[in-house]
Amino acid sequence: MELNEQDVEDVAVGAAILGSGGGGDPYLGKLMCLQALRRGKRIRLVDLEEVPEDAFIVPTAGMGTPIVLVEKLPNGSEPLNALRILEAYVGKKAYATIPIEAGGVNSTIPLAVGALADIPIIDGDGMGRAFPELQMTTFFTHGVAVSPMSMADEKGNSLLISALDGYWAEKIARVVTIKFGGIAWVAIYTMTGRQAREAVIPRTVSLALKLGRAVREAREMGRSPLDHLLHVSGGFELFTGKIVDVARRIAGGFTRGEAKIEGLDSYRNETLTIQFQNENLVAVKDGEIVASVPDLIIVLDVETAQPITTERLRYGQRVAVIGMPCHEKWRTPEGLKVVGPRYFGYDVEYVPIERRVKGGGLK
Amino acid sequence: MAEKFGKRELEDVIWGATLLGAGGGGSPKNGLKLLEDLLKASPEGVTLISPEEFGSEEYAVMVAGIGSPKVLMEKGFGPEAIYAFEAISSLQALAGKRITHLYPGELGGFNVMPPFYVAALKGMPVVDADGCGRAVPELETTLFYLYGIPSSPCAMADSKGNIVIFYTRNPMDSTMAENIARHVSTAFGMGAAFATWVVNGEELRRALALNTVTLCRRVGAAIREAKERGGDPVRAAVEAVGGVELFRGKVADISTRTVEGFDFGRFKLEGVGGYQGKTLTVEFKNENMVVWSGEGEALATVPDLICTMTLNGTPLTNADMEVGMEIAVIAASASEKWRKHPEGFKVWKHILEKMGYTGDYVPVK
Amino acid sequence: MSLRIGIDVGSTHTDAVIVDKDNRLIAATKVVTSPDVTSGVLEALTKIVKESGVDPSEVAAAMFGTTHCLNAILQRKDLARVAVIRIGLPATAAVEPMVDWPPDLRRAVGDLKFLVEGGHEYTGEEISPLNEARLREICREVKGKVEAVAITSVFSPVNPDHEVRAAEIVREELGEIPVTMSSEISTLGLLERENSAILNAAVTFVANRAIQAFLEVMRSLGLEKAKLYLTQNDGTVMEAKHAAKYPIFTVATGATNSLRGAQMLTGIKDAIVVDVGGCTTNVGMLVKGFPRESTIHVEIGGVRTNFRMPDIFSIGIAGGSIVRVDDGRVCVGPESVGHELVKCGLAWGGNVVTATDVALALGVMSIEDPNCKPELARRQLDPELARKAYEIIVEGVEYAIDRVKTRPEPMPVILVGGGSLMLPTRLRGASKVIRPEHAQSANAIGAATAKTGAQIDKAYSLEHLSREKALEDAKISAVAKAVEAGADPNTVEIVEIEEIAMPYLPGNAVRIRVKAVGEIKL
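Because the structure is a prediction, the values reported are computed rather than measured. (Residues numbered from 1 in each chain as written. Chains lettered and ligands numbered in written order. Predicted model: local features only at pLDDT ≥ 70, side-chain atom pairs only at ≥ 80, totals over all residues. Heavy atoms only, no water.)

### Description of helix α1 (residues 38-52) of chain C
Residues and elements named next belong to chain C. The end-to-end C-alpha distance of α1 is 21 Å, a good match for the 21 Å that 15 residues give at a rise of 1.5 Å each. Taken together, the buried positions of α1 are occupied by Thr38, Gly40, Val41, Leu42, Ala44, Leu45, Ile48 and Val49. In this structure, the buried side of α1 is in contact with β1 (3-9), β2 (13-19), β3 (25-32), β4 (59-65), α2 (68-75) and α7 (204-220). Positive phi appears at Gly53, one or two residues downstream of α1, with a value of about 70°. (Helix = DSSP H or I, 4+ residues; strand = E, 2+ residues; numbered from the N terminus. Expected span 1.5 Å × (residues − 1). Buried < 20%, exposed > 50% of the residue type's maximum accessible area, 1.4 Å probe, protein only. Contact = heavy atoms within 4.5 Å.)

Okay, here's the thing in structure tokens:
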């Protein structure tokens, strides 16, 4: 399927929802896509099933500091250079690219890369949402090597890394990113079609599209975007209320925080607390965990269903908190070791959200 | 004429290269250590061929170390060079260039050795030439830069086998290459090897300083033999390089300072023997750049070589120099490739200016 | 010469006041805002000078809070064609200027965009040298086709050199054309800063025209000795020539004037201010005497910008809001009769049920107007409907107050604006509700009593500069800019310093924002 401008806008909204409070703003990738489309390029999504076994799949992303990302915008050739140098090293042409994360800043960039490089984008990704660290991908948990990976800057310099493991790849990449002025465009986690079938979380781009479209169409029809979103996402309404407190502290270079929400309407007299570190990690209602990572905990404006990132949470906002199940790939012991509550410091067993929200669905 | 360089020859090369390193080029201690490992792998040594014997359709690459000498000393060196060499070789093979030879990027007590080490392990010959005819502080102060040999692509590796290959947009942009290389070397813990500047026979003869390995050996042998005979090793060195003796004196002072992130240094000598009562000052940035007489006259500048050795015959790098040592300063002409090129002096000016020297090139008489 | 005139353009009414040197109100008047804005302003000015009987030569300054620039942007009218120059190649080419602008606005500013080599890295080093030859080429290309130029360079808040040089070249090639440098408009965030710069350039023509019109009338009223100021988004004023350069800083003055007026009338420096107009009620917060500013990007006319704007929460409930029953549910607004209240409202013999009618009917307010007859409203309004509608009005305001608060603790609430009389003296979330005298002229009073000020927002790398030096540089820049805006150098003080560490940037970077304020030079 091909995406048009409206689809790109919808995907960006949906990706922000899947960002689970973090991930960065899909805005930049969206703009790159719009410009590419207006220049006659095409954004072609391809289903995982259609990918040949021996195809060479190259995920692409931007990495570096958000502040530089919103200032020194890309010139469009970087992802292409990263792609080419990798193709030259490996000796194969890329069949398709794919996002590493479905939520956040890197959800929309690969769509632009595909358009500029004239290759399709696989409808899927490596997280099904956004996560803060590079190894938190199903690619990684399914044994896909981080390297060889390539990096490019806007001046036309490019670099290839063949590292022993992910740790070394990230270490080198980070240093190079600084040298490249704070931002680098990477091609990483290359895999074959066969590996992709195992490792990719399927249909997440079209999921983002579906979610974004649901919110927009509901608004256009004068219906409740929140209701429509819940209906379409298979998610669960966890709470609605007013934020009465947001506390943040910096620990180990990360911003950790907690938002307290006082229930409204049917949740009157109840309190929900969300703890976050970039992304929302756990939601606790009256002392009991109602949702935890790796499931998606999403905070939305109660009127417009626009997602609110953790850095935008403020006193007084009227919000709805919904939960969506993560992909089953994360529910395996290997998956939970990487992104389960314990990794983030919560000494609790992971319980899938469907089981926590008994009965589930709309209240 | 192809020749087998074994233990004796390569030791002489190391000491000769230390002298021609003009104050830099890495420590001979590290060079000798690498030689030990080389001989373990290949006891008969390495074949050296002359520039003329190297074919126009054949390809050679240089391999060098990068990082901190201290780390080099502690960690050792070896696998880095192999990994870097293999990486650049596979890459160039994809482009249709099969690399079959190696050569040193510069002359120096350590840096002359990595290509020999790789050559020994790979059973390949080394070509009697190098990229500078001396040691140099920056990628822009090389004959590669002057004569248009691109530094891109460049392969880097650490001892574990982590490999980075980078391409600069402008293949001649050595500053960018150097920047990237230094950054990557920090990720590699300040100890790594890099391989680049692939040349064929025609390019090698056109751009590189020729027959410099054998020159190093001649110098090293002359010094050694003088010492063995009980003669004057300094005189022997001067003759072997075809240079002039500038001074003999005691090191009175060595100081270093950092200007805009660069380490500059200066050492001062107080004359001994026939030079009693006189002083001499040398400014260096890794390698020695300019030498001033006690009256403030510039006696020699880069690209010519300002070399130092102890009076009893040990070539010195600035890192190994200590206050109180009695040393000789020898000036020798740079390879004619430097002197023939119109910008041969110009590429050094930015360093000299930071040292307060704004004058012209002072050729060795 | 000690009198000051303040004029503020609202959505329904344009207010004017005269204050003396002790900030005491001497006269106040109100006219209906004209569609072209200017006539209404001139009418109000003329009216207040004539009605107050003051000697024009006693007037030292006239401060105008106008919506010319905002209207021009919203209506896409009278905008200058702008040559948009972005300096940053080879970077930034993947997202052109104005790529997600509404097409009509893009067309209205001429849709002329150029990318040029140059710009800086976050360290302050060049991305590429500035391509001066290309800049000159661009100037030749746009000569005669544009009325203004907007220049944005990558990381210019860290290093504005290329913008400065580019502006020089533009002036050499194109003469006296308004040139906006993005580093003088806002902070990090290329697209938002670029958009802000483009909008600024686009409204220079409108701003100038308004200023000329004001000057004309001032002359005709004998006020030629008085200095002209425009009010800015942060609650201070700037001299006309400064305003001509930075007109975009005037787009949110209505809200800030009411906040500053509330402060002036009550002396309270930290409070929530509820400004009830004809169509909307705007709620903001006073922090240390100045309007609290928004920390996120603000959309103007459909375009993302990031220059500092007051943090205002608006609801569509105000004096003229129409009350109706929809499907059994009582609704108040957002439709409003605006200034037609005195014609259409029930209490004036009309047949539209308005919020004011509800308040009059319930007896919670009275209006001094012989034509206003509360009994008319009471007779035609079902008491249950009135009660429910009033509940909605109050709840709406309480909701807005809650949205503006940052903490649950109750805060003082100051009510201003023509429609504020209809609100009760007790509101949820308010520690006390204050209705100052002259509340309906609060906006104009805010304008008349304003100080002059300026802000700078720059990024510094602490690699080669100590934190103290960076702070000093920022303070000096802010003070200089305040003086440029018209502040008396002897009275300028730093009222706000904000240091935002940027820990994710290597090189120890920090963003410093400084606000300097001083008395106007009388």
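### Notes on the sheet that holds strand β8 (residues 179-181) of chain C
Residues and elements named next belong to chain C. The four strands are arranged β6-β5-β7-β8 in an open sheet whose pairing can be described as parallel. Each having just a single partner strand, β6 (112-117) and β8 make up the two edges of the open sheet. Averaged over all pairs of adjacent strands, the angle between their axes in this sheet comes to 20°, without regard to strand direction. Across three bridges, strand β7 (residues 148-153) lies against β8 in parallel orientation. (Pairing = 2+ DSSP bridges. Axes fitted to C-alpha atoms, helices over the stretch in contact; angles between N-to-C directions.)

### Let's talk about the domain arrangement of chain C
Residues and elements named next belong to chain C. Domain boundaries assigned for chain C yield domain 1 (80-202) and domain 2 (451-518). Domain 1 puts six residues into the contact, and the matching count from domain 2 is eight residues. With both chains or domains summed, domain 1 and domain 2 bury close to 700 Å², and 60% of this area falls on carbon and sulfur atoms. Contact with domain 2 buries area across many residues of domain 1, yet Tyr122, Pro157 and Thr187 alone supply 58% of it, more than any other trio. Our count for the contact surface shared by domain 1 and domain 2 stands at zero salt bridges. Across the domain 1-domain 2 interface, the total number found is four residue pairs in polar contact (both at pLDDT 80 or more). Its residues assigned to classes, the side of domain 1 that touches domain 2 shows four nonpolar, one polar and one charged. (Domains from an automatic or database assignment. Buried area = accessible area lost by both parts, 1.4 Å probe. Salt bridge = Lys/Arg side-chain N within 4 Å of Asp/Glu carboxyl O. Polar contact = N/O pair within 3.5 Å; in protein donor to acceptor, adjacent residues only side chain to side chain. Nonpolar A, V, L, I, M, F, W, Y, C, P; charged D, E, K, R; others polar.)

### A word on the pattern of salt bridges
Evaluation of the coordinates by the stated rule reveals 83 salt bridges over all chains. Of the charged contacts in the structure, one is a salt bridge between Glu154(A) and Lys155(A), with a shortest N-O distance of 3.1 Å. Residues Glu154(A) and Lys155(A) agree in their burial class; the two are buried. In this structure, the salt-bridge partner of Asp311(C) is Arg292(C), at a minimum N-O distance of 3.2 Å. With a gap of 19 residues between them, Asp311(C) in the loop between β15 (303-305) and β16 (313-315) and Arg292(C) in the loop between β13 (290-291) and β14 (298-300) connect regions that are remote in the sequence. This pair shows no difference in class: Asp311(C) is buried, exactly as Arg292(C) is. It is possible to trace a salt-bridge network through shared partners that takes in Glu293(C), Arg308(C), Asp457(C), Glu496(C), Glu498(C), Arg511(C) and Arg513(C).

### Focus on the environment of Leu91(B)
Its location among the elements puts Leu91(B) in helix α4 (residues 79-94). C-alpha separation for the pair Leu91(B) and Gly108(B), spaced 17 residues apart in sequence, amounts to 28 Å. Excluding its chain neighbours within four sequence positions, the residues that come into contact with Leu91(B) are Tyr89(A), Pro153(B), Ile165(B) and Tyr167(B).

### Things to note about the interface of chain C and chain A
Taken together, the 40 residues of chain C in the interface contact 35 residues of chain A. Counting each side, the surface lost to burial between chain C and chain A is near 3300 Å², with a carbon and sulfur contribution of 55%. The salt bridge partner of Arg304(C) is Asp25(A), with a shortest N-O separation of 3.4 Å. If you look at where chain C meets chain A, you find 24 residue pairs in polar contact (both at pLDDT 80 or more). When residues in the side of chain C that touches chain A are grouped by element, the largest group, four residues, is from helix α6 (residues 190-202) of chain C. When grouped by side-chain class, the residues that make up the side of chain C that touches chain A number 20 nonpolar, six polar and 14 charged.

### Here's the deal with unusual backbone geometry
Glycine aside, residues mostly have negative phi, and peptide bonds are mostly found in the trans state. Cis peptide bonds are those with omega within 30 degrees of zero, and the linkage from Val293(A) to Pro294(A) qualifies with 5°. If you trace the backbone, Pro294(A) turns up in the loop between β16 (288-292) and β17 (296-301). Look at the link from Val302(B) to Pro303(B): it is a cis peptide, with omega at 10°. Considering the arrangement of structural elements, one finds Pro303(B) in the loop between β15 (298-301) and β16 (305-310). Here the phi dihedral of Ser20(A) falls at roughly 50°; this positive angle occurs in a residue that is not glycine. Here Ser20(A) is to be found in the loop between α1 (5-18) and α2 (27-38). Even without a glycine there, the phi angle at Asn23(C) is positive, about 65°. Turning to its location among the elements, Asn23(C) is positioned in the loop between β2 and β3. Accessibility expressed as a relative area gives 29% for Asn23(C), which makes it partly exposed.

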